[in-house]
Amino acid sequence: MRGILRRKKELTTTQIIAFGFLGAILLGTAVLMLPVSSADGTWTNPVDALFTATTSVCVTGLTTVSTAGHWSLFGQIAIILLVQFGGLGIVTFTTVILLAASKRITLKERLLIRDAYNLNSLNGLVKLTKKIVKGTLIVEAVGALLYMPVFVKDKGFFGIFAAIFNSISAFCNAGMDVLGDTSLYEYRGNIIVNFTTMFLIIMGGIGFYVWWDIIKAGKKKMSAKNFRFFRGLELHTKLVLSVTLILIAGGAVLYFILEYNNSQTFGEMSFFNKVQASVFQSVTTRTAGFFTVPQQNFTDASSFVSLILMFIGGSPSGTAGGVKTVTVAMLFLTVVAIIKNREETEVFGRSISSSDVRKGIAVIFVSFGAMIVSMAALSFTQGTDFLDTLYETMSAIATVGLTRGLTGQLDDVGKIIVALTMYIGRIGPISLALFFNAGAGKETGGRYPKGKIMVG
C-alpha cells in the first residue's frame, strides 16, 4: 500500500517540466525586482518583473520595459541566463548540473530525458545531453564571434556583451536584445547581422535531433561512394528540412510581393535589401521575435501571412515554439491521403502511425483553443484593436515575441494574461492538459459499441 501511495505522489515528466519552468520564472521575478537589477537602482514593478522573467524563460521576447534601457548590466545578465535556461529546458539544465557535480544519472532521470525529447530508447541519453549542450555552446560562440566586429564598432567594449547576448537570444529564439528599443531595425541592411541572426534562429529552430542525424548521414556519405545524402536521413529530419525550406522560401516570396511598393516597409529599399528583409521576416516570424521592419507597418495581407507562420513555428526538440512544422506537415499529408482514398498517411516511402496523427490533431486544436481564450480575455479587459490583439496572442502562444505595438500599452491585467499565455505556449498546451489529467487512467477504447456519424 505504501508503495502505491509513493508512486502516486511521483511527478510525471509533464509536471516536472511545468513546475520547473514555473520555479525558474518565480526565481527570475524575485531577482529582477531587486534594485540592483534596474538601471536606476530602484525596485521594479512586480508585474513587469514577472512579465520579463516569463518572456525570458519562455524564450518569447515580448517586453513591457526596455531590455536595453530599464535593466542594469546585472539585470541583463540575469535575463540572458533565464533565456539560456529556457532554451535548453529544465531537463537538460538539471542533467548538466548533475554531471558537473559528478552525480550519477539514475534510471528515473534517464526516463525523464527520454520523455522530454520524445525518444523511444534509453540508450545514449546522457551522451545526447552532453552533445546538445556542447553543440549549443559552439553555435552560440560562432554567432557571437560573427556579431562582434559589427557591434564592437558601434557600441565599443559593450559590443562584446551585446554580441554574446544577441547570439544566445537568437539561438534560443527569444528575440530580446540590448542594442536599443528598435530590435535590429538599425541593421536592416547589414548582411552580417541579418544572416548571422537567421543562421542562429534556424539552427535553434530545427531541433537538436536533426543536427545529429545530418552529422551521422554526412559521415556515412564520406565513407560510401554511392550514398545519397538526403535518402540516408531519418523521416523526421526529411520532414523538418523540407517543411522549413518551403516555409522560409514561401514566406519570403509572399512578403516580397506584398510589401514591394509599401513605403513604410520595403518600398524605399534597394532590390537586394528587399530580398534580405523578406527572408528575414519569413525566418523571424517562426518564433524568433527580432525584427528589421516594425510589424505595425506591414499590410494586413502580410500580417495574415505572419500569423500563419507564427502558429506553425519551428520544429520539435529545439528552442522554437508553435505547433511545429512536423505536426502541420503530418496533418496536411493526412488530408491528402483521405482525398486519395488511402488508408495510411504516407511520405518519403514511409507511413505515419494513426496515434501520431491523433496527437497532431490534439496539439493543433488545444493550441488554437488556448489562443482563442487568451485573445478573448485580452479583448475583454483591454478593448484593443482586433488585429493587434490577435497578433499579440498568437505571438505569445507560439512564443514568437513580435508585436504590433500592443505590449507596451497593456495594463497589469493584460500583462498577466499575456504572461500566462507565454507560459502555456512554452510548456505546450497539450502538456498542460496532460498535467491536469496526470492521475487519470489510460484510455483503452472499445468500451462502447461503434456508432456511425456523418463527416463533411
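Residues numbered from 1 in each chain as written. Predicted model: local features only at pLDDT ≥ 70, side-chain atom pairs only at ≥ 80, totals over all residues. Heavy atoms only, no water.

With that out of the way, let us pick up the overall build of the protein. Along the backbone of the protein there are 18 helices and 2 strands. Taken over 456 residues, the protein has a buried fraction of 50%. In the protein, of all internal contacts separated by at least 6 residues, the share reaching a separation of at least 24 is 69%. When the accessible area of the protein is evaluated, it comes to approximately 22,700 Å², of which 64% is carbon and sulfur surface. (Helix = DSSP H or I, 4+ residues; strand = E, 2+ residues; numbered from the N terminus. Buried < 20%, exposed > 50% of the residue type's maximum accessible area, 1.4 Å probe, protein only. Contact = heavy atoms within 4.5 Å. Areas by Shrake-Rupley, 256 points an atom, 1.4 Å probe, with all protein chains shown as cover.)

This next bit is on a nonpolar patch on the surface. Taken together, the side chains of Ile138, Val142, Leu146, Ile192 and Phe199 present a nonpolar region at the surface, about 390 Å² in accessible area. Contributions of two or more residues to the nonpolar patch are made by α7 (125-155) and α9 (191-205). With 3 residues, the top contributor of residues to the nonpolar patch is α7. If you trace the backbone, Ile138 turns up in helix α7. On the basis of relative accessible area, Ile138 is assigned to the partly exposed category, the value being 47%. (Patch = residues over 30% accessible without salt bridge, like charges linked within 9 Å, V, L, I, M, F, W, Y side chains within 5 Å. Salt bridge = Lys/Arg side-chain N within 4 Å of Asp/Glu carboxyl O.)

Contact geometry for helix α15 (residues 354-382) and helix α16 (residues 386-397): axes closest at 9 Å, N-to-C directions at 135°. With respect to α16, the element α15 is oriented oblique. Both α15 and α16 take part in a crossing whose hand is right-handed. Here Ser367, Ala370, Met371, Ser374, Met375, Leu378 and Ser379 of α15 come into contact with α16, specifically with Phe386, Thr389, Leu390, Glu392, Thr393, Met394 and Ile397. A class-by-class count of the residues in the contact of α15 with α16 yields 8 nonpolar, 5 polar and 1 charged. (Axes fitted to C-alpha atoms, helices over the stretch in contact; angles between N-to-C directions. Parallel < 35°, antiparallel > 145°, perpendicular 65-115°, else oblique. Left-handed = near helix turned anticlockwise from the far one by under 90°. Nonpolar A, V, L, I, M, F, W, Y, C, P; charged D, E, K, R; others polar.)

A full pass over the atoms with the stated rule returns 4 salt bridges. Asp48 is the salt-bridge partner of Lys415, the closest N and O atoms lying 2.8 Å from each other. Here the residue Lys415 occupies a position in helix α17 (residues 412-427), and Asp48 occupies one in helix α3 (residues 46-57), the gap between them amounting to 367 residues. Of the charged contacts, one joins Lys216 and Asp213 as a salt bridge, the two residues approaching to 4.0 Å between their closest N and O atoms. One end of the pair, Lys216, and the other, Asp213, are both in helix α10 (residues 208-223), 3 residues apart, so they sit about a helical turn from each other. One continuous salt-bridge network, built from bridges that share partners, spans Asp213, Lys216 and Glu234.

As a further point, take the packing of aromatic side chains. Tallying each qualifying case throughout the model produces 14 aromatic pairs. With a centroid separation of 6.0 Å and an interplanar angle of 70°, the aromatic rings of Phe21 and Phe85 are classed as edge-to-face. Residue Phe21 is found in helix α2 (residues 13-33), and its partner Phe85 is found in helix α4 (residues 73-88); the two are separated by 64 residues along the sequence. The burial state of Phe21 is the same as that of Phe85; both residues are buried. On the basis of an interplanar angle of 90° and a centroid distance of 6.0 Å, the ring pair of Phe266 and Phe298 is categorised as edge-to-face. Of this pair, Phe266 sits in the loop between α11 (235-259) and α12 (271-284) while Phe298 sits in the loop between α12 and α13 (300-312), and the two are 32 residues apart along the sequence. Summarising the burial analysis for this pair, Phe266 and Phe298 share the class buried. In textbook terms, an aromatic cluster arises when at least three aromatic residues are bridged by ring pairs, as seen for Phe171, Phe208, Trp211 and Trp212. (Phe/Tyr/Trp six-rings, centres within 6.5 Å; stacked < 30°, edge-to-face > 60°.)

When pLDDT is averaged across the protein, the result is 86; 82% of the residues are at 70 or more. This model gives residues 1-8 a pLDDT under 50, and the stretch forms 0 contacts once residues within four places in sequence are excluded. (pLDDT = per-residue confidence, 0-100.)

The subject of this paragraph is α17. For α17, which comprises 16 residues, the first-to-last C-alpha distance of 23 Å matches the rise-based estimate of 22 Å (1.5 Å per residue) to within 8%. Most of α17 sits inside the fold, with 12 of its 16 residues counted as buried. Along α17, the residues that are buried comprise Gly414, Lys415, Ile417, Val418, Ala419, Thr421, Met422, Tyr423, Ile424, Gly425, Arg426 and Ile427. The N-terminus of α17 is capped by Asp411, whose side-chain oxygen sits 3.1 Å from the backbone nitrogen of Val413. Once α17 ends, the next one or two residues include Gly428, with phi positive near 95°. (Expected span 1.5 Å × (residues − 1). Polar contact = N/O pair within 3.5 Å; in protein donor to acceptor, adjacent residues only side chain to side chain.)

Further remarks concern the environment of Met198. Residue placement: Met198 occurs in helix α9. A sequence separation of 85 residues divides Met198 from Val283, and the C-alpha atoms of the two residues are 6.5 Å apart. Aside from chain neighbours lying at most four places away, what touches Met198 is Val279, Phe280 and Val283.

Position of Thr29 relative to the elements: it lies in helix α2. Here Thr29 falls in the buried class, since its relative accessible area comes to 9%. The residues touching Thr29, leaving out its near neighbours within four places in the chain, are Pro46, Ala49, Leu50 and Ala53.

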